[in-house]
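Chain residues, written in single-letter form:
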Amino acid sequence: MTRNVLIIEDNPGIGELVRMHVAELGMNPILCERGDSGLERFREGGIDLVVLDLMLPGLDGLSICREIRAGPGYVPVLMLTAKSTELDRVLGLEMGADDYLTKPFSVAELSARVKALFRRVDAMASSSVTEPSQQALITDGLRIDPLRRRVFIKDQPVELTAREFDLLWHFATHPGRVFSRAQLLDTVWGYSHEGYEHTVNTHINRLRGKIEADPADPVFIQTVWGVGYRFRE
C-alpha cells in the first residue's frame, strides 16, 4: 500500500523539493502551502506521515502538531524549521513532533529521516503483534509498559512523545550498557548523520525532565563523560 505523506510548507521551492523526493521514495506526496488548509487535509484522514514547517500562514506548525497529537491514533511528524535555536527544537518536541530538520537540509538527510520514521512505525506495529508477552519493566518507582507504551513514576502517568518512549525503552532494556550519541541515532532514530548528535542531547534532556526527580543529578539515565549515556544497572 502506498503511503500518503502530507507536506505543509509555504516556501514553494522547498515544498516542491520535498514533494519530488518523497515521490522518488515511492510514496504519495500531498502538498499544502498554508497551515489551515494543511490541517484540514489531515483531518480528512488517510495520512501516514506529516512533514511540517514551523512558520506557516493561516496556522503555525506548533498549533498543527498539537492538534495532530490531540486526535486518535498515531501519525509521525517531521518538523521543518529555518531556526536552529534550542528553544525552537524543544517547542517542536514538546508539541509532539517525532523529529526535526533545520533548513537548509540535504536531500539525503530528508530521505533518511522519512525512511527511519516509517521503519519505526512498522517496528511498533510488528512488536504489538509478535511480542504480546513483553512484560512491564519496573525499577525504583519507574514503570514502563511496552505494550501500552505508557510510563509511570510512582504510579503517576508520565506523558512521553513516541521518540522519548523509544529512547527510554532502549535504555531500560540494556541496563548498564553505555551508548554513544551516534549509536543511539542509529538504533533509536534509524539513521546516523554527522553533526546531529545534538538531537540525542535534546531528547535526553527532555526525558530527564520528565522522569528524574532532579534532572541535574539523574538516577535513571546517567552521563558517561566523553562516551555517551547509560541506564542505571
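Quick note: structure is the one above.
Residues numbered from 1 in each chain as written. Predicted model: local features only at pLDDT ≥ 70, side-chain atom pairs only at ≥ 80, totals over all residues. Heavy atoms only, no water.

Caption draft 1: Up close: the nonpolar core. Grouped together as the largest cluster of nonpolar side chains are 26 residues, with contacts concentrated most on Ile144, Leu168, Phe171, Leu184 and Ile221. Only β7 (142–145), β8 (150–153), α6 (162–172), α7 (181–189), α8 (198–211) and β12 (228–231) provide two or more residues apiece to this core. In terms of residue count, α6 provides more of this core than any other element does, six residues in total. For Ile221, the residues in contact, after removing those within four places along its chain, are Leu168, Phe171, Ile204, Leu207, Arg208, Ile211, Glu212, Tyr229, Arg230 and Phe231. (Core = buried A, V, L, I, M, F, W, Y, C linked by side-chain atoms within 4.5 Å. Buried < 20%, exposed > 50% of the residue type's maximum accessible area, 1.4 Å probe, protein only. Helix = DSSP H or I, 4+ residues; strand = E, 2+ residues; numbered from the N terminus. Contact = heavy atoms within 4.5 Å.)

Caption draft 2: Local environment of the pattern of salt bridges. Per the counting criterion, the structure on display carries 14 salt bridges. Between Arg34 and Asp36 there is a salt bridge whose closest N-O contact spans 3.1 Å. Judged by its relative accessible area of 32%, Asp36 is partly exposed. Connected through shared salt-bridge partners, Asp99, Glu109, Arg113 and Arg163 make up one network. (Salt bridge = Lys/Arg side-chain N within 4 Å of Asp/Glu carboxyl O.)

Caption draft 3: View of the sheet that holds strand β2 (residues 28–32). Across the sheet, which stays open at both edges, the five strands sit in the order β2-β1-β3-β4-β5 with parallel pairing between neighbours. Edge strands, defined here as strands with exactly one partner in the open sheet, are β2 and β5 (99–102). The sheet shows a mean angle of 20° between the axes of neighbouring strands, direction not considered. Taken together, the five bridges between strand β1 (residues 4–8) and β2 define a ladder with parallel strand orientation. Bridged to Val5 within β2 is Pro29. Sitting on the sheet, helix α1 (residues 12–24) touches β1, β2 and β3 (49–53), and the angle it makes with β2 is about 165°. (Pairing = 2+ DSSP bridges. Axes fitted to C-alpha atoms, helices over the stretch in contact; angles between N-to-C directions.)

Caption draft 4: Examining the packing of α6 against α7 more closely. The geometry of α6 relative to α7 is characterised by a closest axis approach of 10 Å and an angle of 115° between their N-to-C directions. As the angle between them shows, α6 and α7 are arranged roughly perpendicular. Between α6 and α7 lies a crossing whose hand is right-handed. Of the residues in α7, those touching α6 at Arg163, Asp166, Leu167, His170 and Phe171 are Leu184, Thr187, Val188 and Trp189. The residue makeup of the contact of α6 with α7, split by class, is five nonpolar, two polar and two charged. (Parallel < 35°, antiparallel > 145°, perpendicular 65-115°, else oblique. Left-handed = near helix turned anticlockwise from the far one by under 90°. Nonpolar A, V, L, I, M, F, W, Y, C, P; charged D, E, K, R; others polar.)

Caption draft 5: Layout of α8. With 14 residues, α8 ought to run about 20 Å at 1.5 Å a step, and its terminal C-alpha atoms sit 20 Å apart, in line with that. Residues of α8 that are buried: Thr199, Val200, Thr202, His203, Ile204, Arg206, Leu207, Arg208 and Ile211. (Expected span 1.5 Å × (residues − 1).)

Caption draft 6: Broad picture of the packing of aromatic side chains. Evaluation of the coordinates by the stated rule reveals two aromatic pairs. Each ring, one from Phe171 and one from Phe179, has its centre 6.1 Å from the other, and the planes form 75°; the classification is edge-to-face. The interplanar angle of 20° and the centroid separation of 6.2 Å between the aromatic rings of Phe220 and Phe231 together place this pair among those described as stacked. Of the two residues, Phe220 is situated in the loop between α8 and β11 (221–224) and Phe231 in strand β12; the sequence distance between them amounts to 11 residues. The class for Phe220 is buried, based on a relative accessible area of 6%. Since its relative accessible area comes to 2%, Phe231 is described here as buried. Note that Arg143 overlies the ring of Phe152, its terminal NZ or CZ placed 4.2 Å from the centroid. (Phe/Tyr/Trp six-rings, centres within 6.5 Å; stacked < 30°, edge-to-face > 60°. Lys NZ or Arg CZ within 6 Å of the ring centre and 35° of its normal.)

Caption draft 7: Representation of the sheet that holds strand β9 (residues 156–158) within the structure. The four strands are arranged β6-β7-β8-β9 in an open sheet whose pairing can be described as antiparallel. Among the strands making up the open sheet, the edge pair consists of β6 (137–139) and β9. Direction aside, neighbouring strands of the sheet carry axes that sit 20° apart on average. Both β8 and β9 contribute to a ladder of three bridges, which runs antiparallel. Bridging from a neighbouring strand, Val151 pairs with Val158 of β9.

Caption draft 8: Main features of the environment of Ala82. Tracing the chain through its elements places Ala82 in the loop between β4 (77–81) and α4 (86–94). What makes Ala82 exposed here is its relative accessible area of 59%. Distance from Ala82 to Thr102, taken between C-alpha atoms, is 5.7 Å for residues 20 residues apart in sequence.

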